[in-house]
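# Chains, contacts and geometry: an overview
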Amino acid sequence: MTTKPIYIIDGARTPFLKAKGKPGPFMASDLATQAGRALLNRLPFAPTDLDEVILGAASPSADEVNIGRVVALRLGAGQHVPGWTVMRNCASGMQALDSAIANMEAGRANLVLAGGVDALSRAPLLFSETMVHWLANFYAAKTSGQKAAVLARFKLANLAPVIGIMKGLTDPNVGLIMGQTAENLAWRFGISREQQDEFAVRSHQRLTRAQEQGVLDGNGTGGHAEVVPVFDDRGHLYALDDGVRRDSSMQGLAKLKPFFDKKYGTVTAGNSSQVTDGAAWLVLATEEGVKRHGLAPVGRIVDSQWAGLDPTQMGLGPVHASTPILARHGLGLNDLDAWEINEAFAAQVLGCLAAWKDPGYSEEHLGLDKPLGELDTEKLNIDGGAIALGHPVGASGARIVLHTLNVLRRTGGKRGIATICIGGGQGGAMLVEAL
Amino acid sequence: MHPAEPIFKGDAAMSAKYKHFRLETDRDGLVWVTMDKQGASTNTFSKDVMEELSALIDDLVAMKPRAMILRSGKDSGFIAGADVEEFKAARSVDDALAIVRRGWDTFNKLAAVPFPTVALVRGFAMGGGLEVTLACKYRIAVDEPATRFALPEVMLGILPGWGGVMRLPRLVGPTAALDIMLTGKTVDARKAKRIGLVDAAVPPRVMENAARMMALEAPPQKKLPLKERMMAGPLKGMVANMARKQVAKRARPEHYPAPYAILDLWQKYDGDPFAPPAGSAASMATLASHPTTANLIRVFALQERLKSLGKESDFTAKHVHVIGAGVMGGDIATVCAMRGLTVTLQDQNAERLAPAVKRAHDLVRKRVKDKYRARDTMDRLIPDVAGDGIRRADVIIEAIFENLEVKQNLFAEVEAKAKPTAILATNTSSLKLADISKKMKDPARLVGIHFFNPVPQMMLVEIVKGDATRPELAKDAAAFVRQIDKLPLPVKDAPGFLVNRVLGPYMANAFRLIDEGIAPETLDKAAEQFGMPMGPIALADTVGLDICAAAGKSLAGADAKPPACLVKRLEANKLGKKSGEGFYRYEKGKAVKGQAGPVTDDLIERLIAPYLAEARKTVDEKIVADAELADGGLIFGTGFAPFRGGPMHYLAERGRA
């Protein structure tokens, strides 16, 4: 539990833009700047009043490694507002919020802009290790004879690039691609291809409905839009999450081949989250910050939790992070009014639900005498999730916290949990309360 | 003392001799001459400064220093050139020639000193400020946006007579030199390095060291490329003739003799202003006595006066909110963002904002060369569908379509949300402020800030004071207009204000002449012969015939019969350039024009008379405070032939003749 009240003042994000096989129209800092300036513009303080800016990013590009500072300056926060960057893979955006909370609890800050971003479409292509060694030898060669000798050893295969994003999505300790860890859960809990595809179709349907009802444009949350439009330098407008498939169907999804465990697996591109660009921000404040700037808080972050688990089962991270929060507050799964479990993979979310029902898993891994039971899926990801709108890794953790609050405000709910699985075998969760 | 400053031996005795210069000798034996004109914020070469420099050069030659470095002691820049006030005050051609003689001799003396000389230029070096650097052996530019070189003499109808015409072509070659001398355009530090105008462009942190090393090393002078040497040698006549043809496209010799004189002086007299015989077109005497020269100096003074109108308030804006993202509103927003302001741009939905964002990117890409500063500019321009910026803004400008009721409701809403200190402004061109402010609680808060299309190019902005407008608010608005580097002109809230009021009868008359059977080509040619930058018919096509018709209606009243030539084209949906055809047909944005008929003095008179008559009426009716402001407004707002000094001045001169 936080040692002092941490208020959510407002939050906004860009539309999540699906990667289309080439670098997208925005750099990560462009996305974070456009969402951030729209958010700050509607709040009653100046960007220079912020105590700090914290941005989570799993793969900042080489020219903006400390992207938190880059964006703070681009937002007009001025030279004196520190900006920094945090990284905890898929939970980087949630880590930014938690780091803000820690600094506010310690009395070091009272008003913080925190969030996450990634432009995965701009993930780099890398030279292979053999190519790097070849180049090193070539540059080390002094005489033309030596150079010719190195040239003679060149193989065309050296040029095959390493796809940066595949590296990022592969566990460096156990060597599994993230989708293979999802296959592990499908196997362990007997989650079928059909169940996964059904879950995916529902995600698309729910996001479609949310877009049609305008709930992401501020309908039901006092007009303060969660999604703000962004514009590229040719004047193209991006107003909606564009990965959603309004016509998503079981028949359509059934045609896709397993992507990670080729041929024999069940996890496809269709029942996994999409590779996407996007940014999400929240403005957090202490009591003092609220008073000083005359702010009107809309929610609180009441508690947060991080957890570690077997990297090959990383998708169960939400179970491990959320369960201690439930225990601390004496809550059952359905005592909450809203749940956001980030949809890295359908198999992974379904795996979490299965684990909470499974007596063996609950006892062995969660230390529970009896399982927590069945989570009401009508409270879970009611506006769809990353399968439909994408998973710009660094941004997702911040997005689900913001969205949990917006769902609570819209439905008149009180408390909700936003939780996310983290590559490398971790989970993060936050308990959010609407005011 | 700044840590990067060289260590000096005291030269107090030496410096005490001069009012406008400081002399310091550093441990390497280099003499640093810092020009710091007494009692002025800007360095200019007035008579006493020039005489002191001349004496200083004599002293230096006697001192035999290892080298000399010339720099400025002013934060505002290097040297702004000659003292224009002195030039304006020159009573006779002889007075003017004495000014030229003083600089010419002094700079020649500087060029002849037997030790290395380095000009260290930070900020502007204009006219004589550039010419003094040309008389030094080396030039170092500090690579900052404020560092700019130019020879703007041509814009005042004179020529760079302090050695510019002689030395600049030798240094950078005829191509770049003629471009600079004939257009008056400015060159930044990086371009100056690229064309060879300076020996190095360096960041401020190493500027002293760069000047010191340049002075100590005294590297050999670079030679011009062969092509440029050919153009300055055997091909000189051909180059000059080609340049004359280029100039003729923009300026007629009878209207603007200066560029032709510059070309003559370079081609035939190697830039020596005292070489041309009396009576020759290239002679300073001929130029100084030409009426254009006095009129262009007058235009310069008018510009300074308009600028001064922005100094009556110390209002500064940080945040501007623009409502209406059409071409006008979008361009206003972009211009503000380029001047460092945070701008929120509002329209009904994001789709309407997208084209404005594109235009903004295109303009910023062209105008802001540094990619980081360009990005900052675009980051400051915030699309704002919800209008959240209204609460934060210091200036709120409405630039939506001309619908009275919509504007009334808008301002009632804006007034409720805006900060009490914010300027609430309308960009209306045809509605009365008193009507627009009807639903406001406090109509004194509304002022007109009226821009002209295309906003990035048009210098003039009318500040419209309604009967109710708080007088200080109009002054604040004028200060804001200066902040975005435009020229404010206070006008009365009467239909058409100044510019459209005068253009209205002029255009209506031109349409009537067309109805009488005169070809558009002939009319436009007549206007150009008079000295207008663009004829009335080409102007109508550019503005849009629908806009012209609407403006005509609002000025002349809805009952007035619109000209037949206009009605005919509107019915055929020929709206001008934007629809591909109006009075002219447009191919790839260029007008396809037929042969113009003969232009008689009588036709010119018939074309211009309504313009002049209306200008006089605006002064009589106190639309602007005086005739001078009418001239300034109409030159910078309509492009009225600058060499004629403005319509009121032209009328007065004609009356005198």
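### Examining the overall build of chain B
- Scanning chain B for helices and strands turns up 29 helices and 20 strands.
- Taking 657 residues into account, the globule formula puts the C-alpha radius of gyration at 26 Å, and chain B, at 27 Å, falls close to it.
- Judged by the C-alpha coordinates and their principal axes, chain B covers about 80 × 60 × 45 Å.
- The buried share among the 657 residues of chain B stands at 52%.
- Summarising the internal contacts of chain B: among those between residues at least 6 apart in sequence, 71% fall at separations of at least 24.

### Regarding the interface of chain B and chain A
- Chain B puts 16 residues into the contact, and the matching count from chain A is 15 residues.
- When contributions to the side of chain B that touches chain A are tallied by element, the ones reaching two or more residues are strand E12 (342-346), helix H16 (350-367) and strand E13 (381-383) of chain B.
- Partitioning the side of chain B that touches chain A into residue classes produces seven nonpolar, four polar and five charged.

### What about the nonpolar core?
- Leu97(A), Leu284(A) and Ile140(B) are the most contacted members of the largest nonpolar core, which has 341 residues in total.
- Here the element with the most residues in this core is helix H22 (residues 499-515) of chain B; it accounts for 10 residues.
- In this structure Ile140(B) touches Val118(B), Leu120(B), Val121(B), Val198(B), Asp199(B), Ala200(B), Val202(B), Met207(B), Ala210(B), Ala211(B) and Met214(B), once residues within four positions along its chain are discounted.

### Thoughts on helix H3 (residues 92-105) of chain A
Residue and element names in this part refer to chain A.
- Helix length check: H3 (14 residues) gives 20 Å between terminal C-alpha atoms against 20 Å at 1.5 Å per residue, within 8%.
- When H3 is considered as a whole, its buried residues turn out to be Ser92, Gly93, Met94, Gln95, Ala96, Leu97, Asp98, Ala100, Ile101 and Met104.
- Two residues or fewer past H3, Gly107 is found with a positive phi of approximately 80°.

### Observations concerning the domain arrangement of chain A
- Domain assignment breaks chain A into domain 1 (126-164) and domain 2 (178-220 + 299-434).
- Averaged C-alpha coordinates put domain 1 of chain A and domain 2 of chain A at centres separated by 46 Å.

### Structural notes on the sheet that holds strand E8 (residues 148-150) of chain B
Residues and elements named next belong to chain B.
- Ordered by their spatial adjacency, three strands build an open sheet running E6-E8-E9, and the pairing between neighbours is mixed. Across the chains shown, the open sheet's two edge strands, defined by having one partner strand only, are strand E6 (124-126) and strand E9 (187-188).
- Note that E8 and E9 share two bridges and pair antiparallel. Along E9, the bridge assignment pairs Arg148 with Asp188.

Definitions and limits used
Residues numbered from 1 in each chain as written. Chains lettered and ligands numbered in written order. Predicted model: local features only at pLDDT ≥ 70, side-chain atom pairs only at ≥ 80, totals over all residues. Helix = DSSP H or I, 4+ residues; strand = E, 2+ residues; numbered from the N terminus. Rg over C-alpha atoms; globule rule 2.2 N^0.38 Å. Buried ≥ 20, exposed ≤ 12 C-beta atoms within 10 Å, placed from the backbone. Contact = placed C-beta atoms within 7 Å. Nonpolar A, V, L, I, M, F, W, Y, C, P; charged D, E, K, R; others polar. Core = buried A, V, L, I, M, F, W, Y, C linked by C-beta atoms within 7 Å. Expected span 1.5 Å × (residues − 1). Domains from an automatic or database assignment. Pairing = 2+ DSSP bridges.

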